[in-house]
Amino acid sequence: MNTSVTEPEQHTRRLRLPSFGVQVLIGLVLGVALGLVARSIGADGVDASTGEVDPNWLTETLDTVGGTFVTLLRAVVPPLVFLAIVASIANLRDVTGAARLAWKTLTWFAITALIAVSIGIVLGLVLQPGDHTSVTSDAASAPSSSGSWLDFLTGLVPANVLGLEGYDNGDGTVGFSFNVLQILVIAIAVGIATLKVGEAADPFLAFVRSALTVVQKVLWWIILLAPIATVGLLGNAVASYGWDALSSLGTFTLAIYAGLLIVLLGVYPVLLRLNGLSVKQFFSGAWPAISLAFVSRSSVGTMPVTESVTERNLGVPRSYASFAVPLGATTKMDGCASIYPAISAIFVAQFFGLDLSVTDYVLIAFVSVIGSAATAGVTGATVMLTLTLSTLGLPLEGVGLLLAIDPILDMGRTAVNVAGQALVPTIVAKREGILDLATYDAPRGRTAWREDATTDNVAPGQEPVTASA
């Protein structure tokens, strides 16, 4: 038998692209390099009418590339969240002990959040970031919007069935944004209603599942742009903020990333080992979602990839993962809702010379564990921070001190968020005896997180594989 490789086959192999994770890593390196180049070029000037700095052509290009990717993610978030939550709740009727699974999922959300916020408080007290900063009080300014318990509770009530909110652009036009938390409430109500209706809801559920498949396909096309978007997002961050802002808030940045790394590489591995799971297998399986989260700064936008790796790499049953992952993507925020607000609140208190009591630290933990749903959204943790500051009675102007480096911090925060969103369903499934250990322990293929059997659903240059690849 002739086993020689033909010239076209050799050409095809030469054109094979690196794996998705490697593409993202290449994008990270290029982003930093181009960002440094853009910063060295300098600004094109200052707008005489507004006093704002005009970015150079490279910075504008990087901003456009990264901003377009985030805009595309935002566009698919509303239908994605609604359809995923409705479908996941409907799937619970096929799960034995669904109520117990839901309760244990929320319990583990709270446990990991409590551990994360405790680490944040300890780091804030040890490193004292508010006392070791060169940022001045001139940078202090209250945010344009803030969170409070009343706003949080009233915000749960949908203003309309689409979860849309209108706002004045200031130039005579009206813009619209969506409230993910309200969409979540609407979807939960509709999902529960489908369970109560029974067989009469089957045609509706068939439509929801079909529509979800279509939306996820569109999102997959957007996700394929992530390596290119990485260049723009990270490059623009470096060009816009450089190292000046980081140096003035160096201790604060160190405290945040130290906390994130302790949770990601310390707490999570310990929890995995305590439950008899391989740490290496978890991170190799969850890496596509974690890396995309770092780049996109969007837990919700990363949700389809998180759910995919949770099912196909980590062995969590689809009927459970389709409920736990969407729920976690909107409420499970160890980075944004635990570590960040804890250290930030201590920073603000130290900066303004205010003393925090033991009760205040308990309140920080309480807000982080109970109020994490207030961070529901595409990017950022400002709402959670203002909710924490207002609960403690600390100056909201302190938020302005930290906004300069927020995009840089948000990358690490979101990566930890998503890692936790994959971790909790895996642990709960293991403890309940429903985790597919053969899938969890299987060797990772080049595209092991993609289960599709047709080349139409596989990234260019990669081979289709099965869940056990």
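Each value, and the rule that gives it
- Residue positions are given per chain, counting from 1 as you read along its sequence in written order.
- Whole-chain, interface and lining totals are the exception, using all residues; otherwise, since this is a predicted model, local features are given only for residues with pLDDT of at least 70 and side-chain atom pairs are given and counted only at 80 or more.
- To get the side-chain values, all heavy atoms of the structure are used, and hydrogens and water are removed first.
- Side-chain rings of Phe, Tyr and Trp (the six-membered ring for Trp) are treated as a pair once their centres are within 6.5 Å; stacked means planes under 30 degrees apart, edge-to-face means over 60, and tilted covers the remaining angles.
- Strands here mean DSSP runs of E at least two residues long; helices mean DSSP runs of H or I at least four residues long; both are numbered from the N terminus.
- The cut-offs for exposure are 20% and 50% of the maximum accessible area for each residue type, with area from a 1.4 Å probe on protein chains only; residues under the lower value are buried, those over the upper are exposed, and the others partly exposed.
- Put simply, a charge is over a ring when the Lys NZ or the Arg CZ is close to the ring centre, within 6 Å, and near the line of the ring normal, within 35 degrees.
- Between Lys or Arg on one side and Asp or Glu on the other, a salt bridge is scored when a side-chain nitrogen of the former is within 4 Å of a carboxyl oxygen of the latter.
- UniProt positions are given in the numbering used here, feature names are shortened, and annotations may be inferred rather than shown by experiment.

Within an unreviewed UniProt entry, the label attached to the protein reads Dicarboxylate/amino acid:cation symporter, and the organism entered is Nocardioides glacieisoli.

J.: I keep staring at the packing of aromatic side chains and nothing clicks. Help me out?
T.: To describe a pair of aromatic rings, you give the distance between the ring centres and the angle between the ring planes. Throughout the structure, instances matching the rule amount to five aromatic pairs. Measuring from ring centre to ring centre gives 5.2 Å for phenylalanine 252 and phenylalanine 347, while their planes differ by 55°; the resulting arrangement is tilted. Taken together, the residues span a long stretch of sequence, with phenylalanine 252 in helix α10 (residues 250-274) and phenylalanine 347 in helix α14 (residues 335-351) at a distance of 95 residues. The residues phenylalanine 252 and phenylalanine 347 share a single accessibility class, namely buried. These aromatic residues form a ring-pair network of at least three members: Phe252, Tyr340, Phe347, Phe351 and Phe352. Cation over ring: arginine 413 sits above tyrosine 340, and NZ or CZ is 4.2 Å from the ring centre.

J.: Explanation requested: the pattern of salt bridges in the structure shown.
T.: Oppositely charged side chains can form a pair if their charged atoms are brought close together. The tally for this structure, following the rule as stated, stands at six salt bridges. Between glutamate 432 and lysine 104 there is a salt bridge; the shortest N-O distance is 2.6 Å. In this pair, glutamate 432 sits in helix α18 (residues 406-432) while lysine 104 sits in helix α4 (residues 98-127), placing the two residues 328 residues apart along the sequence. The class for lysine 104 is partly exposed, based on a relative accessible area of 32%. With its nearest N and O atoms 2.8 Å apart, the salt bridge here joins aspartate 334 to lysine 332. Here the two residues aspartate 334 and lysine 332 agree in accessibility, since each one is buried.

J.: Explain the UniProt feature "transmembrane region" (unreviewed entry) in the protein to me, please; I cannot follow it from the model alone.
T.: UniProt feature "transmembrane region" (unreviewed entry): in the numbering of this structure it lies at residues 20-41, 72-93, 105-127, 176-197, 218-243, 249-271, 337-356 and 362-387. The straight-line gap between the two end C-alpha atoms of residues 72-93 is 33 Å; of that span, 91% is helix and 0% is strand. Secondary structure across residues 105-127 comprises 100% helix and 0% strand; the distance between its end C-alpha atoms is 33 Å.

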